[in-house]
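Read off the chains here:
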Amino acid sequence: MKKLILFISLLCVLPVMAQEAGLKRIEPANWWVGMKYNQVELLVHGDNLGATTPAVNYPGVNIINIKKSDSPNYLFVTIDIAATTKPGKFPIEFMRDGKIHRRVDYQLLAREKNSAQRQGFSPKDAIYLITPDRFANGNTGNDAMPGMLEQPNRAYKGGRHGGDIAGMEKHLDYIAAMGFTQIWPNPLTENNMEKYSYHGYAATDLYKIDARYGTNEEFKNFVQKAQKKGIGVIQDIVLNHIGSNHWWMKDLPAKDWLNFPAEYKETNHRRTTVQDPYAAPADKELFVSGWFVPTMPDLNQRNPQLANYLIQNSLWWIEYAGLSGIREDTYGYADQEFLSRWAKTIMDEYPNFNIVGEEWSPNPAVVAHWQRGKVNASGHVPHMPSVMDFPIHETLREVLHEEESWDKGWVRLYEMLANDFVYADPSNLVIFPENHDTSRLYSYLNEDVDLFKTAMVYMATMRGIPQFYYGSEVLMTSPRERDDGAVRADMPGGWQGDTKNAFTGKGLTAQERDMQEYVKTLLNWRKKSAVIHHGKLQHFSPGDGFYAYVRYSDNQAVLVVLNKNAQENLLDLQPYQTFIAGKKSARNVLTGKKIALDKPIVMPAKTSLIIELQ
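The following refers to the structure shown. On a predicted model such as this, the values are computed, not experimentally measured, just so you know. (Residues numbered from 1 in each chain as written. Predicted model: local features only at pLDDT ≥ 70, side-chain atom pairs only at ≥ 80, totals over all residues. Heavy atoms only, no water.)

**What about the sheet that holds strand β22 (residues 557–563)?**
Right, so step 1: With antiparallel pairing, the 6 strands of this open sheet are ordered in space as β20-β21-β22-β27-β24-β25. Strand pairing shows two members of the sheet lacking a second neighbour, β20 (536–539) and β25 (594–596), which therefore form its edges. Pairwise comparison of adjacent strand axes, ignoring direction, gives a mean angle of 30 degrees for this sheet.
Right, so step 2: Where β20 and strand β21 (residues 546–552) come together, 4 bridges link them in antiparallel fashion. Each bridged residue has a counterpart across the sheet, and for L537 the counterpart in β21 is R551.
Right, so step 3: This element, helix α9 (residues 410–417), spans β20, β21 and β22 of the sheet and lies at about 35 degrees to β21. (Pairing = 2+ DSSP bridges. Helix = DSSP H or I, 4+ residues; strand = E, 2+ residues; numbered from the N terminus. Axes fitted to C-alpha atoms, helices over the stretch in contact; angles between N-to-C directions. Contact = heavy atoms within 4.5 Å.)

**So, unusual backbone geometry**
Right, so step 1: At N446, a residue that is not glycine, the phi angle is positive and equals roughly 60 degrees.
Right, so step 2: The exposure class assigned to N446 is exposed, which follows from its relative accessible area of 56%.
Right, so step 3: Notably, L475 is not glycine yet its phi reads approximately 60 degrees, a positive angle.
Right, so step 4: Relative to the elements of secondary structure, L475 occurs in the loop between β19 (465–469) and α12 (484–487). (Buried < 20%, exposed > 50% of the residue type's maximum accessible area, 1.4 Å probe, protein only.)

**Quick notes on the pairing of strand β11 (residues 182–185)**
Right, so step 1: Residues Q182 and W184 of β11 are buried on one face, and the alternating residues I183 and P185, pointing to the opposite face, are buried as well.
Right, so step 2: Where strand β10 (residues 127–130) and β11 come together, 4 bridges link them in parallel fashion. Residue pairing across strands places L129 opposite W184, the latter belonging to β11.
Right, so step 3: The sheet contact formed by β11 and strand β14 (residues 232–238) spans 2 bridges and is parallel. Along β14, the bridge assignment pairs I183 with V233.

Below, the structure is given as structure tokens:
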């Protein structure tokens, strides 16, 4: 039997009965009949509720455990929801001295058909990462909302700019036409912080969409509309920390709800300590328990009630919104045993789902530790299907602008890929050239369009699941070094009055339009190319400025040639004869033209190729 925590507190206004004074929040707001996760631990918050005794009278629902907390204002109540329970609403009564002291209605819903069998994102997909506040302002009416501490200031790169769910929804046709099949927005949950709240990683309410983005219902409708256009939605979830203005901070449920609650201690970021057989215990502890910054309290997932709460929160968003995936932030910083249980619970509930964790390390051995199926010397058993491929990400960026030699350039990418033997499932890694925490790759490459196109070719054809960052298709720029506000700049055309519009093409330069069409051609071809989704991979030792690999199956083969040569050069096809198999010509995917295969190919300077051989 699995556990689910419902959370009731004072701070969220809901329609309530007279007896509900002091019970104005319930988290989650509902649950579903027929979930494997069918034991529900209610966390009740209100003045002196620890002195009450709860009662439920509803067929199939029974209280099986009651637990008090360190604070007299909390009560944990575990109820069991039988498989035969009917959907409906029922009261939960909190008794004291034989009388009803508080009362709240709770609702069980019927699940959507085939909800448990939902398909998660996979190598068939191309992910479009969006920073919602910076993508498009579809509803100016929610730019400044009552009770929100930070007001809009588009002139400040670190401020709120007004992008929202309505803006993303408005441009779903554009996203679909570009060939993207998944959207990953940075966190949309409430971040009611005094400043620098737009990024979404300092949650103040884990069950509520930030009012400046929209409402829970609007998010759910956005997911449904995206699905109708062939696009899934991946939710960004943070298990490691919250924002310092989270409503818990006014009355912590337990003394150990946070790590280092009495004094600020910053994490050492020593992610290798998780597996290091020689690491000092204090170093391991500081990595997991230290805070990122003073405004992001570190959660202690070793507290059983908090662990249940976080697991339940993830399940609730999947079921409520109809998600196709989760991207989990700062994955390795949370407690290992909790992470294993969290991912296992989700995958048990949704066997075809997908989760990708962020382990920001250039070392494949560190990243591989967290992927499902990996047998770890540490004894940790991971259940997360995917991880972000930071080793490939960092290597690609470096080799694109360095000179070729026996130990630099393409050979470093070639050798990094050879480390795939450490992964349990390299085909399910998420590969990416840039994200919201890095400089724009186009700028990092000193605005070399040809090299940037080569990076796009690699992303679209390499094993794994490619993720792209909004605006890269129109060559958005940033400082070469990391600058978050600049990297997360406004999408051209997302605001009324913008002189340049990426969605319509108005005001774009010829170079920007060309890049947009290049990415569109690439991704729409990829969408239909099964050999790229599931084919095998063979790569060839780089030489003469070229790095080539073949994606192949029993009846298909695609040759990819990455080219950094600054002058026109000839590509000898002899190494690839096994796959060419006597064919006289093949199709250039990016131009649609035929290429003769009976002689060396003339390769224009810094022009890469995708050739369909069969």
